[in-house]
Amino acid sequence: MRLAEFYGGIELCREEKIVYARLMTPHRVLSTCRSSAGGLHDDLMYIFNHQSCEPAGGHMNARIYRLAVDSPDEYKREVADRHSLPFSKCATLGTAANMNNATICHERFCDLEVVAVCTGGVEGNAGRAGDPATYYEPQDDRAVKEHECDLRPGTINAMIFINRELTPGAMVTAVITATEAKSAALQELEVPSRYSEGLATGTGTDQVAVASRLGGRAISFAGKHSKVGELIGRTMHDAVLGALALQNGLTPAGQCSSLSHLERFRIDGQQMCQGIAKLLSRDNADLFEKSFSNIIKDPLTVAAVAALVHLRDKFVWGVLPKSCIPEVMALYGAQISAAVSGKSHRICDYMNALSSSQMSLDKNAFLEFVYQAFALGFQEKWSD
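Figured I'd write up the structure that's included with this text. (Residues numbered from 1 in each chain as written. Predicted model: local features only at pLDDT ≥ 70, side-chain atom pairs only at ≥ 80, totals over all residues. Heavy atoms only, no water.)

1. Topic: the side chain of lysine 343
Logical step 1: Positionally, lysine 343 belongs in the loop between α9 (325-341) and α10 (347-354).
Logical step 2: Comment: no salt bridge for buried lysine 343; closest opposite-charge side chain is glutamate 380, at 4.9 Å.
Logical step 3: Only 2.8 Å separates the side chain of lysine 343 from the backbone oxygen of glutamate 380, close enough to count as a polar contact.
Logical step 4: A polar side-chain atom of lysine 343 sits 2.8 Å from the main-chain carbonyl oxygen of serine 383. (Helix = DSSP H or I, 4+ residues; strand = E, 2+ residues; numbered from the N terminus. Buried < 20%, exposed > 50% of the residue type's maximum accessible area, 1.4 Å probe, protein only. Lys, Arg positive; Asp, Glu negative; His and termini not counted. Salt bridge = Lys/Arg side-chain N within 4 Å of Asp/Glu carboxyl O. Polar contact = N/O pair within 3.5 Å; in protein donor to acceptor, adjacent residues only side chain to side chain.)

2. Observations regarding the nonpolar core
Logical step 1: In this structure, Leu262, Met272, Ile276, Phe288, Ile336, Phe366 and Phe374 are the most contacted members of the largest nonpolar core, which totals 43 residues.
Logical step 2: Taken together, the elements giving at least two residues each to this core come down to α5 (258-262), α6 (269-277), α7 (282-295), α8 (299-317), α9, α10 and α11 (363-378).
Logical step 3: By residue number, the principal contributor to this core is α11, which donates ten residues.
Logical step 4: Aside from chain neighbours lying at most four places away, what touches isoleucine 336 is Ala304, Val305, Leu308, Val370, Ala373 and Phe374.
Logical step 5: Counting residues in hydrophobic clusters, the runner-up holds 38 residues, among them Ala158, Ala181, Ala185 and Val228. (Core = buried A, V, L, I, M, F, W, Y, C linked by side-chain atoms within 4.5 Å. Contact = heavy atoms within 4.5 Å.)

3. Re the environment of glutamate 368
Logical step 1: Summarising the element assignment, glutamate 368 is placed in helix α11.
Logical step 2: Between the alpha carbons of glutamate 368 and alanine 174 there is a distance of 44 Å; along the sequence they are 194 residues apart.
Logical step 3: Apart from the residues lying within four places of it in its own chain, the contact partners of glutamate 368 are Lys278 and Leu279.

4. Describing the sheet that holds strand β11 (residues 156-162)
Logical step 1: What the six strands build is an open sheet, ordered β5-β4-β13-β11-β9-β8; its pairing is mixed. Each end of this open sheet is capped by a strand with a single partner; those strands are β5 (39-41) and β8 (103-109). Here the strands of the sheet are splayed against their neighbours by 10° on average, with no regard to which way each runs.
Logical step 2: Summarising the sheet, β11 and strand β13 (residues 207-213) pair through six bridges and their orientation is parallel. Within β13, the residue paired with methionine 159 across the bridge is alanine 209. (Pairing = 2+ DSSP bridges. Axes fitted to C-alpha atoms, helices over the stretch in contact; angles between N-to-C directions.)

5. Thoughts on the pairing of β13
Logical step 1: By the criterion of burial, β13 is predominantly enclosed, with six of the seven residues buried.
Logical step 2: Sheet topology note: the strand β4 (residues 27-31)/β13 ladder contains five bridges and is antiparallel. Each residue of the ladder has a partner; that of valine 29, found in β13, is alanine 211.

6. Regarding the packing of aromatic side chains
Logical step 1: If you walk through the whole model with that rule in mind, you get four aromatic pairs.
Logical step 2: Arranged with centres 5.8 Å apart and planes meeting at 65°, the rings of phenylalanine 288 and phenylalanine 292 form a pair that is edge-to-face. In this pair, phenylalanine 288 and phenylalanine 292 are both assigned in helix α7, four residues apart and thus about one turn of the helix distant. By the burial criterion, phenylalanine 288 is buried, and phenylalanine 292 matches it.
Logical step 3: Ring geometry for phenylalanine 288 and phenylalanine 378: centres 5.2 Å apart, planes at 80°, overall edge-to-face. On the criterion of sequence distance, the pair formed by phenylalanine 288 in helix α7 and phenylalanine 378 in helix α11 is long-range, its members being 90 residues apart.
Logical step 4: In textbook terms, an aromatic cluster arises when at least three aromatic residues are bridged by ring pairs, as seen for Phe288, Phe292 and Phe378.
Logical step 5: The ring of phenylalanine 87 has lysine 76 lying over it, and the distance from NZ or CZ to the ring centre is 4.6 Å.
Logical step 6: The side chain of arginine 312 reaches across the aromatic face of phenylalanine 366, ending 5.5 Å from its centre. (Phe/Tyr/Trp six-rings, centres within 6.5 Å; stacked < 30°, edge-to-face > 60°. Lys NZ or Arg CZ within 6 Å of the ring centre and 35° of its normal.)

7. Re empty space enclosed by the protein
Logical step 1: Scanning the model with the defined rule gives one cavity of 30 Å³ or more in all.
Logical step 2: Here the largest cavity is characterised by a volume of approximately 30 Å³.
Logical step 3: Lining the largest cavity we find Val19, Asn49, Leu93, Ala102, Val117, Cys118, Thr119, Asn157, Ala158 and Met159.
Logical step 4: Those elements giving two or more residues to the lining of the largest cavity turn out to be β9 (112-120) and β11.
Logical step 5: Grouping the constituent residues of the lining of the largest cavity by class yields seven nonpolar, three polar and no charged. (1 Å grid on protein atoms, 1.4 Å probe; cavity = no way out; pocket = protein on both sides within 12 Å on 5 of 7 lines; lining within 4 Å. Points joined across faces, edges and corners; volume = space filled by probe spheres on them. Nonpolar A, V, L, I, M, F, W, Y, C, P; charged D, E, K, R; others polar.)

8. Here we look at the layout of surface pockets
Logical step 1: Looking at the second largest pocket, its volume works out to about 450 Å³.
Logical step 2: Around the second largest pocket, the lining is made up of 20 residues, and of these Pro132, Ala133, Tyr195, Thr203 and Gly204 lie nearest the centre.
Logical step 3: For the lining of the second largest pocket, the secondary structure elements donating two or more residues are β10 (126-127) and β12 (202-203).
Logical step 4: Per-class residue counts for the lining of the second largest pocket are seven nonpolar, eight polar and five charged.

Worth remembering: the numbers are spatial, not functional.
In C-alpha cells, the structure reads:
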C-alpha cells in the first residue's frame, strides 16, 4: 500500500509487517542497520522498518528472531526477498512495534523539507543513558558472552528524510538532533526508565536512519541553530509522540496521573492504593479504594506529586543541598495533603504533621512519605 510521496524523492509504502521508503532519487543514508548496509552509504535504494515479533507476550517467529540477532545480513535478505526488495540496496530497522501505528510528520521551510516516519514502544525497554547494562560483546569471538542482551519489548525506530544534501558530518549532527528531540518527547511524557529511578531518554534498542537527497549545495550543519535542525527536531518530536500515542496509548493528557510520576519507583496502582489505605481507618480506607482512580487523576494532586518527585530529583542531582530535605519535603508533602483534602488553608497544619515523618531520598522511605501525605489529606477530605 502506497502511503505518501514527498518532494519527488521518496515514496513510503506499507505491507503486512513492514514500512519501507523507496528512494526515487539518489540519497546519502546514515543508519544504525546492523548488516553491511549500516553506517554511511550513497548508493542505497530502500530503507525499511520491519516488525519481527509481537510487542507483548514474547510471541515471535523464533527463526526470524534469531536471524535478526545473530545474522543481520541473513535476516535482511529474508525480509527483502519476501517483499521483492533488492537485498544489497536496503538499510534495515527492526522492532516489535505495529507498523500500522507508524506516524509520519512533514515540515517545510522555503525550499527545505524534512519527513520523519516513526514507530515506537516504551512500556518494557525504556532506559536512561548510563543505566546499568547487561550485554557485553567480547573482543575474542570465541569467548562466551556472560550476559545476553535484555530483550524486553520496546523500541523507537525513526526514518528521517531531507530533500537537501547533507555533508557526512551534518548527517551525524542530524542524528544528534533527532535523538535530542526523541528524548525531549519522552521527558514531556515523564516516561520512566525500567532500569533505574530516572526518567528515560530512549529505549535500549532504538534505531535510526537519516537520508538526504544528493545534489546541489550541501548543508554542512544540522544542529539546533540551523533551520534543517529545527525541522528535524520538530518532525522527530511529533512523530515520537504520535507513535507512542498509537502503540502504548501514551499521551500528555493521559499522563495527568499521580501514579505516572511515581511508577519509576517500581510501584503499580494496586501497591500505591494499598500503601495509602493501610494508613487510614477502615471506613476511610474502603472509601479511598473506591475513589482511588479519581483522586490520583485530580490535576491539583498530580501537580503536587509531580513537584515533590522533581524536587527529589533536584536533591539526587545535587542542585539542592540535602540539609534542606526536611523543610522542602514537609512543605511540598503538605501541598499533596491540601490538594487531596481540598483545604488549602490547612497547609501549615499538614506541614507540621508531616515534619515528624521519616524523610529520605531512599525510594521506599520517599514512597512512604508520599503515602502519608495522601492519607493525611484524605482523612480530612469529608470532615467539617
